[in-house]
Amino acid sequence: MIGQGAGFETSIETTLLFNGAPFRESHGDPPAKIHLALQAIPDVTKHLKTFHPKVEINLPMDVEHMLETLSLKKAELPVWRWVFLGMLSGVWMAIAGIFAYSVAGSFDAALLARFPILPRLVLGLLAPVAMHFIVIFGGEFYSGNCMFMTVGLVRGRVSVRSCLYVLVGSLVWNVAGCVFFAFLFGWVTDVFSAEPWLSWLRAAGASKARMAGHVAFFRAIPANIMICTAIHMGISARDMLGKLVALHFPLTVYTVAGFEHGVGNLILVPLAAMYGADLSLSDWIAYNLVPDFLGNLVGGALVGLADVALFSWDGGMFNTNQLHNHAHDAQSIRRHMAAAAAAAAADASRSRNCGGGAVASKPGASVRHKTGGSDKVEHLSARTLHPPPVLPGPSAHLLEMEIYFMFAL
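Treat the numbers as computed from the prediction; the structure is a model and nothing was measured. (Residues numbered from 1 in each chain as written. Predicted model: local features only at pLDDT ≥ 70, side-chain atom pairs only at ≥ 80, totals over all residues. Heavy atoms only, no water.)

**A closer look at the overall build of the protein chain**
Check the secondary structure of the protein chain and you find 14 helices and eight strands. Looking at the protein chain as a whole, 47% of its 409 residues are labelled buried. Partitioning the intrachain contacts of the protein chain with sequence separation of at least 6 by distance along the chain shows that 78% fall at a separation of at least 24. Accessible surface computed for the protein chain: about 19300 Å², of which carbon and sulfur atoms make up 68%. (Helix = DSSP H or I, 4+ residues; strand = E, 2+ residues; numbered from the N terminus. Buried < 20%, exposed > 50% of the residue type's maximum accessible area, 1.4 Å probe, protein only. Contact = heavy atoms within 4.5 Å. Areas by Shrake-Rupley, 256 points an atom, 1.4 Å probe, with all protein chains shown as cover.)

**Observations concerning the packing of aromatic side chains**
Summed over all chains, the structure comprises ten aromatic pairs. Note on Phe180 and Phe181: the rings are 5.0 Å apart at their centroids and 80° apart in plane angle, and the pair reads as edge-to-face. Owing to a relative accessible area of 14%, Phe181 belongs among the buried residues under this scheme. Over the face of the ring belonging to Phe148 we find Lys74, whose NZ or CZ atom lies 4.8 Å from the ring centre. (Phe/Tyr/Trp six-rings, centres within 6.5 Å; stacked < 30°, edge-to-face > 60°. Lys NZ or Arg CZ within 6 Å of the ring centre and 35° of its normal.)

**A closer look at unusual backbone geometry**
Cis rather than trans, the peptide bond between Glu195 and Pro196 has omega equal to 5°. Despite not being glycine, Asp190 has its phi angle at roughly 60°, a positive value. The residue Asp190 is located in the loop between helix H8 (160-187) and helix H9 (197-209) in this model.

**Focus: helix H7 (residues 142-154)**
Given a rise of 1.5 Å per residue, 13 residues ought to cover 18 Å, and the 18 Å separating the end C-alpha atoms of H7 matches this to within 8%. Taken across its 13 residues, H7 has twelve buried, putting it largely inside the fold. Taken together, the buried positions of H7 are occupied by Tyr142, Ser143, Gly144, Asn145, Cys146, Met147, Phe148, Met149, Thr150, Val151, Gly152 and Val154. Contact partners of the buried residues in H7: helix H2 (60-75), helix H3 (79-104), H8, helix H10 (213-236), helix H12 (262-274) and helix H13 (281-311). Positioned one or two residues after H7, Gly156 has a phi angle of 80°, which is positive. (Expected span 1.5 Å × (residues − 1).)

**Some points on the pattern of salt bridges**
Counted under the stated rule, the structure contains six salt bridges. Across the salt bridge formed by Lys74 and Glu140, the nearest N and O atoms sit 2.8 Å from each other. A residue pair is termed long-range when its members are at least 10 positions apart, and Lys74 in helix H2 and Glu140 in the loop between helix H6 (129-137) and H7 qualify at 66 residues. The class of Lys74 is buried, set by a relative accessible area of 10%. Looking at Glu140, the relative accessible area reads 7%, which means it is buried. Each of the salt bridges in this network shares a partner with another, and the network as a whole consists of Glu64, Glu68, Arg155 and Arg157. (Salt bridge = Lys/Arg side-chain N within 4 Å of Asp/Glu carboxyl O.)

**Considering the side chain of Ser89**
Within the element layout of this structure, Ser89 appears in helix H3. Ignoring sequence-local partners within four residues, the contact set of Ser89 consists of Ile134, Gly139, Glu140, Phe141 and Asn174.

**Things to note about the environment of Phe218**
Its place among the elements puts Phe218 in helix H10. For the pair Phe218 and Pro291, spaced 73 residues apart in sequence, the C-alpha to C-alpha distance is 8.4 Å.

**Focus: the confidence of the model for the protein chain**
Per-residue confidence for the protein chain gives a mean pLDDT of 75, with 66% of residues at or over 70. Per-element averaging of pLDDT across the protein chain places strand S8 (residues 399-408) at the bottom with 31 and H8 at the top with 96. Low pLDDT (under 50) marks residues 1-51, which in the prediction has 139 contacts with non-local residues, meaning those over four places away or in another chain. Low pLDDT, under 50, characterises residues 356-409; the predicted model gives this stretch 147 contacts beyond four residues in sequence or across chains. (pLDDT = per-residue confidence, 0-100.)

**Looking at a nonpolar patch on the surface**
A cluster of nonpolar side chains, Leu111, Phe115, Ile117, Leu121, Leu125, Leu241, Val245 and Phe249, forms an exposed patch at the surface whose accessible area comes to about 690 Å². Listed by contribution, the elements that provide at least two residues to the nonpolar patch are helix H5 (118-126) and helix H11 (240-257). Take the nonpolar patch: its biggest share by element is three residues, from H11. Exposure remark for Phe249: the relative accessible area of 46% places this residue in the partly exposed category. (Patch = residues over 30% accessible without salt bridge, like charges linked within 9 Å, V, L, I, M, F, W, Y side chains within 5 Å.)

**Here's the deal with the environment of Gly205**
Mapping Gly205 onto the fold places it in helix H9. With 65 residues separating them in the primary sequence, Gly205 and Pro270 have C-alpha atoms 7.9 Å apart.

This is the structure:
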C-alpha cells in the first residue's frame, strides 16, 4: 500500500508469468473499495503470483497536502517557538559552515591556480549537512518557508498576515542565530586565525560584500529554487537514506554554480569581518544580504507555485479539499481502464469468431492463449493502460509483466 494520506489509497498489483507457468501468492488485502476488476478475478488466479513493489516515496499530491498542512502549523507557532527553532537553525548553519570553510580554505595557492573550482566543490559537498540537521533534527528555516507559505497562501490555508508572520519570524531569528553562533563557534574558538584559512576567509567574505545588488538578487533566485526542491524531495522520501540524498545534492548544485543563499552568507561574511576582512558591513547588507533575501523569496515562491500548478491543474487552484483533485485523477484512471476492458472483450470476441485458439468466457473471467508453446492467462476486466512489455528471447525465458494501478477513494 502506498500513498496513504489526503483521503485516498493506492495499490499496485503485478501479475507475472515466467516460463509460461502462471502462479499467485497473496501479500495483503487490497483496499476495501478497489476497482471492480479485482472482485471479478476467477478461481484460476489462485495459481498466479502477485506482489506489491516497495515504493519508498510519498505521492506528489500527498507532498502538496503535507506542504499545506505544514504551512498552517507554522502559522500557529507561538513567538517563543520561533525564537528557539530559528536560533537552533543558526546552530546547524554555524557548525556546518565552519566545517566546510575549514576544508575549502586549506588548499595551496598553486593548486588553486590550477583548479579554482576546488573551494566551491568542497563547499557544495560539505555545507549541505546543515540542511540534514535542520530537517531531520529540527529548526525553522527562512529559505524553505518561502515555499511552504506560498503553497499555503495560494491554496487558501493561511492568510497574508500569517504568511508575513512566518517569513519575518524565521528570518529574524535565523539572522540572530547565525551571527551569534558564528561568533561563538567561529571567532571565540579562533579556528581561522592561521594561514591559509585566514586569507581565504577574508577574501571570500570581501567578495560577497562587493557584489552588485542586481547580481546578488538574480543569483539568489536559483539558489532557493534548489534549496526548496531539496526540501520537497526530502518530504517525498520515506526512508532516512532517501531523505539525506534528496536533501544534499540540489544544494551541491547551487553552491558549485556560485549562486547566493542569504542565510548561508550570515555565517561567512560576519566571520570574515570578525577576522579583519576589508569590507563594509553596511554595503554588504544593502547590496548583498537584502537582495539575497528577496531573491530567495522569489525562488522559493516559484517552487511553491510550480507545486500547486503541477498537482492542482484541474481547476481546483484555491480548493483546499484534496479529495477534489484525487477524485478527478481516480475517475480519469477508471475511464481509461473501462475502455481498455471493453477493447479486451472485443479482442476476445474476434479471437472466438476466428478460431484463433483462445477460449473466452464472460467478462471478469479469463482468456487462455497458446503462444509459442506456453500459455498466457489474461484477465479481461483488469487490463493495463498499455500493453505489457514482451522481452525478446526464446519462450523458455519469456517474462511478461502487467502492472495495474488502482485508485480508490
